[in-house]
Amino acid sequence: MSVLDEGMVTRSEILVRGMVQGVGFRPFVYNQASRRDLRGSVRNNTTGVLIEVEGKHGDIENFISDLKTKAPPLSTIESVECNHHLEPAHYSDFVILQSANEGQQSVPISADVATCTDCLAELFNPHDRRYQYPFINCTNCGPRFTIIEDIPYDRAQTTMRDFEMCSACRAEYEDPSDRRFHAEPTACAVCGPQLYLLGADGVEVERHFGADAEIIDRVQELLLKGRIIAIKGIGGVHLACDALSSEAVEKLRGRKYREDKPFAMMAASVDMVRQHCFVSDVECQALESERRPIVLLERKPDSIIPPAVAPGVNALGFMLPYTPLHHLILRNLDRPLVMTSGNVCNEPICYDDGEAVKRLQKIADYFLLHDRRIHMRTDDSVVRVHEEREMVVRRSRGYAPLAIKTAFRCGRQVLACGAELKSTFCLTRDNYAFVSHHIGDLENLETLRSFAEGIVHFKRLFHLEPEVVAYDLHPEYLSTKYALSQDDSFTKVAVQHHHAHIASCMADNRIDGEVIGVAMDGLGFGTDGRMWGGEFFVADFAAAERVAHLAYVPMPGGENAIRQPWRMAAVYLQQAFGDQFLELQLPCVNDMERRGWPTLRIMAATGTNSPETSSMGRLFDAVSSILGLRDTVNYEGQAAVELEGIADQHCGEGYEFGLVRGNDGDVADARGVIRRAVADLLDGVSPAIVSARFHLSVARLIVAVAENVRSQRKLNRVVLSGGVFQNLFLVERACAMLRTRGFQVITHSRVPTNDGGISLGQAAVANALIKSGRI
C-alpha cells in the first residue's frame, strides 16, 4: 500500500461480535480511537458493539488491529466485521452513543465477575470515597447476569435502575479516562444500595450508611459467637456460620434438615485454604479466577475443620470472597466460614428479601440483606481439577449464561429441557448453546417455577424463539411434562438419557463422528422401559447403538432402593451367593435379615415394585453397604462418594467382571466382583483396599468393552459421561488404562458430567435428528 493510501481520510463501519457488552469494551474503543485521533462513535446494539470511525486509513487499520489484540481482559471477540472506504462524514470528535435497540437480539451476556484488585484497593483505602462500601464495582468486576433484565446492557435495563447516580458517580460514569466509564452498576454510599441487618423476626437491627457504620463488626462478632446469619450476595442468599465451630455447624445442619451433605466454605485467602487442603497450581488458579467457583480439594490430615462440615468424605469445598461484602466480612477473621445455599432442603436458593425472611426465619438468627434487587437467582458454581484442567461439577455463577460454542450448527432453534436432578435447560441458535445456570432438582413446584422463569428470561435476553423442544424419555420427570405441555407448534423430540450424556460430552469437546460412548450414572429411562445406568454405546449425535451394559438386577422397593443401599447390597449378595448369603459373617447381613430380607426376596422374585436396572450407580451403592459404609443415604450419591473417599490410593489390583453375550450386546456380570469383595472382607482385607479393587474392576471393565468394540468397529475414541465419572479415583484410573492401550479419551470440562450436562446433549441429538431427516 502506498504512503498516499495510508494517509487517505476515509470512514469505516465496524461490528464487533462476542462478549463485548458489560466488560468495558466501549470505553476501551473510545480510548483507542482518541489515542489515534480518530473520530466517530461507538454504541452497543443487539448484535454486539457497533463502531463508526473516520480518519487516516492507516490509523483505522491499526485501530482495528488493536481491537483484536488489546481488548479488555473480560471480553471475548468472536468476529470483527468491517465495511471500509465509506465517504467521510466529517465528524468533529469521537463519542459514545446511547445503545441501539432495533433488530434481532443476539449479544452474549457476561457472567457475574469477582471484585477486581483495583476495587479492593479502594475498598480498604481510608482516603477513598468508597472506603468499606460493600457494593463497589467497576467495568472490570461486579454483578452482570444476576441484575440484567433485558439487553442492550445499559443501567436502565438492570435492577440498578432503582438507584439514581449522584453527581460524583455520574462524573466518573461520563469520564472516558475513568475506570467506571459506562460501568452500569456503579454506585457509592451516597446514591447506591445499602446494607441492613435484621433479627430472626424480620425487625431491622442496624443499617449501613458508609465507612463509619459498625454493621460489619457486628456481623463478625455474631458469627464468632456461633450465630447463623443469612447473607444476601450477588445471586442469592447464603447461610453462614463459623466453620471451626462444631456446635454452629451442627445447629445449621439441624435447622436446615441437611444431615450429611457437605457444606461449602469461604476463606479470606488461598493461604488460609492451604491450612486445611492441598492446593495445586491449577486449583489455585481456579480459586483466584474471576469466576470464583467452589473448588473441591483434598483435605489435609491435620486440618482442624470439624467433621460435621463434610461428614464421611476427604474432600472440602472452598471458595474465595467474590463480592466486596464478602471481603469486608472475611477480613481480619482467622477462620473460614460455612457459606451454603440459603434454602430449605430441596428448594431453590432464596434471592428476594421478603422471601428469604419468610422461608429462612427458622434457620437464621440474623439476616444481612441489601436493597439491590437480584433479577435471576444463581447458585455458586462447583469445580474439580482433573488432568490439569477444570472439570465443572455445577455450572452456575461466574459461568452462566456464557454461551458454549459448538462444532455443529443448529438449523432450527432448540429448547432442551434436561433431566430431573441437577436440572439445567439449554437453548440453541446457530453454533451457540446457551446452557442455563444450575436450577436444582425438579422435584417440587417452586423449583419448576424457577425452571420456567429461567427459560422465559433466556428467551428474552438472547431473542430466542425455539421451534423444537427436546426432553428425556422418563414420563414422570417434571422437565418431560413441561416439554410435552408445549403447544403443537413445537416439534417434540424424545432423547434417551444416556445418549444425551454421550452427546453432551461430544458437544463439550467439539467433536463429531462415531465414538465408543460409556455412560454410567444412577439411572435413566431406557428404550426398553427399564432403568439403565451402566451403558456402552457406539454413538454419534444422531444415534446410539447399545453394545454392552451391566446385567439387570431388581430394585426392591423402587425409589426406596435408591435411598436405602442395603436393599441393593442384599440383591447383589443374593445373586452372588443365593439365599446362603444370610449365613455370611458380615455386619451388614445381620441388618438385612433383621430388616426383612425374606420380604424383599419375594418382591424381587415376583417383580413387585422392583423395577429392573443396569445402573452402575446402584452397584456402587451395594458395595458401599457391603463394606459397612452406608446403608441409607441422606443425599444423592452419598454412598458412592463415601466409597470413593476411603479407596486406597496405592492399590493396583482389581477384580474382574464377567462378560457374556446377550440379546442386546455384551452383558457385564458383577457376581464375580461381589464374591471376591466378600472373600477379601472375610479374610480381613481392609475396606479401603476392597473399595480400591472395586473401582479398578470398573475401570478394567471399561477397557475390556472398549477393546472389544475397537476390534469389531475400528473405533478409537472413548467418551466418558454420567454422574459416576465425577469419581476422580475411577476416572483417573480408567483414563490411564485406556491411554496405555492407545485409546483417545474424552471427558467433560465446560459442562458437568452429571445430569447438569444432559440438556446440552439433548439439544445436540435433536439437532442431528432433524438435520438427518429422521424427524
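Analysis parameters
Residues numbered from 1 in each chain as written. Predicted model: local features only at pLDDT ≥ 70, side-chain atom pairs only at ≥ 80, totals over all residues. Heavy atoms only, no water. Salt bridge = Lys/Arg side-chain N within 4 Å of Asp/Glu carboxyl O. Buried < 20%, exposed > 50% of the residue type's maximum accessible area, 1.4 Å probe, protein only. Helix = DSSP H or I, 4+ residues; strand = E, 2+ residues; numbered from the N terminus. Polar contact = N/O pair within 3.5 Å; in protein donor to acceptor, adjacent residues only side chain to side chain. Contact = heavy atoms within 4.5 Å. Pairing = 2+ DSSP bridges. Axes fitted to C-alpha atoms, helices over the stretch in contact; angles between N-to-C directions. Phe/Tyr/Trp six-rings, centres within 6.5 Å; stacked < 30°, edge-to-face > 60°. Disulfide = S-S within 2.5 Å. Parallel < 35°, antiparallel > 145°, perpendicular 65-115°, else oblique. Nonpolar A, V, L, I, M, F, W, Y, C, P; charged D, E, K, R; others polar. Arc of directions from axis to C-beta.

Counted under the stated rule, the structure contains 54 salt bridges. Close ionic contact of D528 with R530 constitutes a salt bridge, the shortest N to O distance being 3.3 Å. For R530, a relative accessible area of 29% puts it in the partly exposed group. Linked through salt bridges whose partners overlap, the residues forming this network are E347, E355, R359, R377, E446 and R449.

Secondary-structure assignment places E355 in helix α11 (residues 353-360). Exposure remark for E355: the relative accessible area of 17% places this residue in the buried category. Within the structure, E355 has its side chain in polar contact with the backbone nitrogen of Y351 (distance 3.2 Å). The residues touching E355, leaving out its near neighbours within four places in the chain, are C350, R377 and E446.

With that settled, the discussion passes to the pairing of strand β24 (residues 531-539). With 9 of 9 residues buried, β24 is to be regarded as a mostly interior element. Relative to β24, strand β23 (residues 515-525) runs antiparallel, the two sharing 8 bridges. Looking at β24, one finds that V515 is bridged to A539. Taking the residues that link successive antiparallel strands as the turn, the β23-β24 hairpin has 5 residues, and the phi of G529 there is positive, at about 85 degrees. As defined by bridge partners, β24 adjoins strand β25 (residues 544-550) across 5 bridges and the pair is classed as antiparallel. What sits directly across from F536, in β25, is A548. Linking two consecutive strands that pair antiparallel, namely β24 and β25, is a turn of 4 residues.

Pairing in this open sheet of 5 strands is mixed, and the strands run β4-β1-β3-β2-β5 from one edge to the other. Sheet topology places β4 (76-86) and β5 (94-96) at the edges, where each strand pairs with a single neighbour. When the angles between neighbouring strand axes are averaged without regard to direction, this sheet yields 15 degrees. As judged from the 6 bridges shared by strand β2 (residues 39-44) and strand β3 (residues 49-56), these two strands associate in the antiparallel manner. When the bridges of β3 are listed, S41 appears paired with E52. Here helix α2 (residues 25-35) sits on the sheet and contacts β1 (9-19), β2, β3, β4 and β5; the angle it forms with β5, its principal contact strand, is near 175 degrees.

Attention shifts here to the packing of aromatic side chains. Both the distance between ring centres and the angle between the ring planes are used here to describe each pair of aromatic rings. For the structure shown, the criterion picks out 14 aromatic pairs. Look at F434 and F462: their rings are 4.3 Å apart centre to centre, the planes differ by 25 degrees, and that puts the pair in the stacked class. You can see F434 sitting in strand β20 (residues 426-435) and its partner F462 sitting in the loop between α12 (445-461) and β21 (468-472), a full 28 residues away along the chain. The exposure class assigned to F462 is buried, which follows from its relative accessible area of 0%. The rings of F145, F425, F434, F451, F458, F462 and Y482 are connected pair by pair, giving a single aromatic cluster.

On to the environment of T323. In this structure, T323 sits in the loop between β13 (315-319) and α10 (324-330). As a C-alpha pair, T323 and G142 span 181 residues in sequence and 7.3 Å in three-dimensional space. Excluding residues that lie within four positions of it along the chain, T323 makes contacts with T115 and I234. A polar side-chain atom of T323 sits 3.1 Å from the main-chain amide nitrogen of H326.

Attention now moves to the state of the cysteines. Within this structure, the stated rule accounts for 0 disulfides. C119 provides the cysteine sulfur closest to C141, a residue in no disulfide bond, and the two sulfurs are 3.7 Å apart. The thiol of C426 is unpaired, and the distance to the nearest cysteine sulfur, on C410, comes to 8.0 Å.

The N-to-C vectors of helix α16 (residues 565-577) and helix α21 (residues 671-682) enclose an angle of 95 degrees; their axes lie 9 Å apart at closest approach. Comparing the axis directions of α16 and α21 gives the class roughly perpendicular. Mapping the contact onto sequence places Y572, L573, Q575, A576 and F577 in α16 and R671, I674, R675 and V678 in α21. Broken down by class, the residue content of the contact of α16 with α21 amounts to 6 nonpolar, 1 polar and 2 charged.

Within the sequence span of helix α6 (residues 215-224), burial applies to I215, I216, V219, Q220, L222 and L223. Looking down the long axis of α6, one finds its buried residues gathered within 160 degrees of arc, a one-sided arrangement. Looking one or two places after α6, you find G226, whose phi comes out positive at around 90 degrees.

With that settled, the discussion passes to the sheet that holds strand β18 (residues 404-410). Taken together, the 5 strands give an open sheet; going across it, the order is β18-β20-β19-β21-β22, and neighbouring strands pair in mixed fashion. Of all the strands in the sheet, the pair left with one neighbour each is β18 and β22 (491-495). Strand after strand, the sheet turns through a mean of 30 degrees between neighbouring axes, direction not considered. Here β21 pairs with β22 via 5 bridges, running parallel. In the sheet register, A470 faces β22, and the bridge partner there is V493. Against the sheet, α12 contacts β19 (414-416) and β20, and its axis sits at roughly 150 degrees relative to β20. Helix-sheet contacts for helix α24 (residues 758-771) involve β18, β19, β20, β21 and β22, and the interaxial angle to β20 is about 140 degrees.

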